[in-house]
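Examination of the molecular architecture
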Amino acid sequence: MCFGPFPLHQTMASRKESAASGSSPLETPVKQIQIDGLVVLKIIKHYQEEGQGSEVVQGVLLGLVVEDSLEITNCFPFPQHTEDDVDFDEVQYQMEMMRSLRHVNIDHLHVGWYQSTHYGSFVSRALLDSQFSYQHAIEESVVLIYDPIKTAQGSLCLKAYRLTPKLMEICKEKDFSPEGLKKACIGFEIMFEEVPIVIKNSHLINVLLLDLQEKSTVADKHELLNLSSSNHLEKSLQLLMDRVDDMNQDIGKYNTYCRNLSKQQQQKQQYLQRRQQENTQRQSRGEPPLPEEDISKMFKPPQAPPRMDTLLIAGQVTCQSVIFMGRSLF
Amino acid sequence: MLNHMIHVPVSILCFTANFLLIREIHVANVASTGFCQPPTSAGGQQHESHGDLRSLSSSLFIIILHFLYEIMAVHGPVVKIHPVVLASIVDSYERRNEGATRVIGTLLGTTDKHSVEVTNCFSVPHNESEDEVAVDMEFAKNMYELHKKVSPSEVIIGWYATGYDITEHSVLIHEYYSREAPNPIHLTVDTALQSNKMNIRAYVSSQMGVPGKTVGVMFTPLTVKYVYYDTERIGVELLQRTRASPSRTNGLTTDLAQVASAAGRVQEMLTTVLSYIEDILSGKVMADNSVGRFLMDLVNKVPKITAEDFESMLNSNINDLLMVTYLANLTQAQIALNEKLVVL
């Protein structure tokens, strides 16, 4: 799972204050994403150089919105979040970077962020928060998930996700109790929606690629045809088991909550009954009835556990199992 | 074969160098003794004739360098470039300001004794006119600081420029960069495609001329190699496919299609090798010992397993995968059920 929350909500808040948000909400959400080849190479390079130690590397995507598709034309990486570097100002870094890039005519519109993932485990609270703040500020933003391990197995694994409108509403309400979620009628399948990606290159880049192909002497390695994928399989299975364990615990908590709630209801009923009985007895004896006590104060309802984490875990488990099925024969 | 080719141009180069140097010394001597009347009487004009000679020699050098670049192996660090750097350069060229003919920027990377590895770059705004060039050095410093925060191991190792020639302004810019890095390399990427190709060249500067009298700067070419990380190679392979489609776009294909295409490629390679061997056996092509050794390696690399063992291994592997798939499906069904029960 991700280490260190991504402090982007602060950045986004400050951006909203400083810059006038002139983006009008789109009628149609983003249907397709067009990525420049340069962005792909940069993301790969960033993970390769800086991501070997910790599990997650992150960065910002820049580009523009064209009708119903999102064009990502450049990106820049975010430095690792180290605990001992307290005075490092992430907001300032971002502002400076964007200002400098504006000087060289690079699109400076924030359209999303990217993150690398370890064996497909990226659905977490931090990701949700960051993506929510991004989508709240900029309607069309996406999060690109890059899976370096699957890429090393032979095929580039880059996926783009957005939060569904329903999930956005729920996050706005911040009501994660079971009743709230039941009202919104949300399941884990409609948390994230995947947007198809298309890679686009300009003509000059095509010329460059042609040149590279002629001149480069690196041999094809054909990792795709590698039959020994058991290592990855083991690791993925282990992570899946961990997630299922988490899910189990969470469900156990919810069950205890339900049981407590029903027990409390019973107790309330019993108390009321006894009260009534006593009252009738007293009336028959001619004594004043006992005052009605505030029942709610006596029986405080147990705390409802937030269900959002359950949803997240469920989503994560789904993702991992999907990865299994997609990857299974190779 | 390459060695022979090297000797000839090296000798030409030395000869030309000697010739030009001697001429320059001669002119210097002549000017100091005043024996031979210089073309103009004023003393200041002598510098102009020197300048003419220097520009002539430098242009001659440049011509010779361009001619020799492809075949000459040069002494100096080998430059290893990652494709992300080149893509970045091309992209900043496409985004250049109106009226600018070329773009310059800083190269970041790592160096060691024999090679220089270029892993990152950023463009620097600059203004260039006939007689002067202005580079935004503050910007360059700022960007370098920002980049250092992300990857602290990268240092400034040189600079790049798009365009075919090395101009006088390049010398000035190179001087500035030699203050930032010990021995900066200069990379040119020909985005104007003058020779129908994007010539990517690297140079390092070295002193030339008569020490003490007239010195100049010569750009010596270096060999350029392209290095890829594994994942980078896979990414580049994917990008290559955009060349094929007319709209220059390419979707990320499904796994099965990719495996099929990879298997197809291997099959093609095998057929090529087989046809080559048949040609040799039938005598059409001369047998080459080095190729023969490679073929021996290839055949020896195939592990010695009997057919039954291989089949049983493959089957057990597939069984594992099927079981995992089944379990994953089961988990998914379980979660869906759970969801429904909670909502009820």
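This structure is a prediction, so every number in the text was calculated from the model and none was measured. (Residues numbered from 1 in each chain as written. Chains lettered and ligands numbered in written order. Predicted model: local features only at pLDDT ≥ 70, side-chain atom pairs only at ≥ 80, totals over all residues. Heavy atoms only, no water.)

1. What to know about the pairing of strand β7 (residues 185–189) of chain B
Residues and elements named next belong to chain B.
- When you tally the buried positions in β7, you get 5 out of 5 residues, the bulk of the element.
- Residues I185, L187 and V189 point to one face of β7 and H186 and T188 to the other, with burial holding for every one of them.
- Taken together, the 5 bridges between strand β6 (residues 155–162) and β7 define a ladder with parallel strand orientation. Paired with Y160 across the strands is L187, a residue of β7.
- What joins β6 to β7 is helix α5 (residues 168–180), and the crossover it makes is right-handed. (Buried < 20%, exposed > 50% of the residue type's maximum accessible area, 1.4 Å probe, protein only. Helix = DSSP H or I, 4+ residues; strand = E, 2+ residues; numbered from the N terminus. Pairing = 2+ DSSP bridges. Right-handed = clockwise from strand over helix to strand, strands pointing away.)

2. Regarding the environment of A:S100
- Of note, A:S100 is situated in helix α3 (residues 90–103).
- Classification of A:S100 as buried rests on a relative accessible area of 7%.
- Ignoring sequence-local partners within four residues, the contact set of A:S100 consists of B:F139, B:M143 and B:L146. (Contact = heavy atoms within 4.5 Å.)

3. Notes on the packing of aromatic side chains
- As enumerated under the stated definition, the model contains 7 aromatic pairs over all chains in all.
- For the ring pair B:Y176 and B:Y177, a centre distance of 5.0 Å and an interplane angle of 65° mean the geometry is edge-to-face.
- Owing to a relative accessible area of 6%, B:Y176 belongs among the buried residues under this scheme.
- Taken together, the aromatic side chains of A:F76, A:F78 and A:Y93 make up a single cluster linked through ring pairs. (Phe/Tyr/Trp six-rings, centres within 6.5 Å; stacked < 30°, edge-to-face > 60°.)

4. Some details on unusual backbone geometry
- Of note, the phi angle at A:N105 is positive, near 65°, even though the residue is not glycine.
- Locating A:N105 in the fold gives a position in the loop between α3 and β4 (110–116).

5. Focus: the packing of helix α4 (residues 125–137) of chain A against helix α6 (residues 165–173) of chain A
Residues and elements named next belong to chain A.
- Across the interface, α4 lies against α6 with an axial gap of 11 Å and an inter-helix angle of 100°. As judged from the angle between their axes, α4 and α6 are roughly perpendicular. Contacts from L128, F132, Q135 and H136 in α4 reach L167, M168, C171 and K172 in α6.
- By residue class, the composition of the contact of α4 with α6 is 5 nonpolar, 2 polar and 1 charged. (Axes fitted to C-alpha atoms, helices over the stretch in contact; angles between N-to-C directions. Parallel < 35°, antiparallel > 145°, perpendicular 65-115°, else oblique. Nonpolar A, V, L, I, M, F, W, Y, C, P; charged D, E, K, R; others polar.)

6. Description of the confidence of the model for chain A
- Averaged over all residues, the pLDDT of chain A equals 72, while 65% of them reach at least 70.
- Of the regions scoring below 50 in pLDDT, residues 1–27 of chain A engages in 39 contacts with residues more than four places distant in sequence or in other chains. (pLDDT = per-residue confidence, 0-100.)

7. Observations regarding the pattern of salt bridges
- By the definition in use, this model includes 3 salt bridges over all chains.
- Note that B:E154 and A:K45 form a salt bridge whose closest N and O atoms lie 3.3 Å from each other. Residue B:E154 is found in the loop between α4 (137–150) and β6, and its partner A:K45 is found in helix α2 (residues 37–50); the two belong to separate chains. Exposure class is identical for B:E154 and A:K45. Each is buried.
- B:D91 serves as the salt-bridge partner of B:R95, at 3.3 Å between the closest nitrogen and oxygen. For the pair shown, B:R95 and B:D91 are each scored as buried.
- Salt bridges linked by common partners bring A:K45, A:E49 and B:E154 together as one network. (Salt bridge = Lys/Arg side-chain N within 4 Å of Asp/Glu carboxyl O.)

8. Observations regarding α4(B)
Residues and elements named next belong to chain B.
- With 14 residues, α4 should cover 20 Å at 1.5 Å per step; its first-to-last C-alpha distance of 21 Å lies within 8% of that length.
- Buried within α4 we find F139, A140, M143, Y144, L146, H147 and V150. Viewed end-on, α4 has its buried residues packed into an arc of 165°, placing them on one side of the element. (Expected span 1.5 Å × (residues − 1). Arc of directions from axis to C-beta.)

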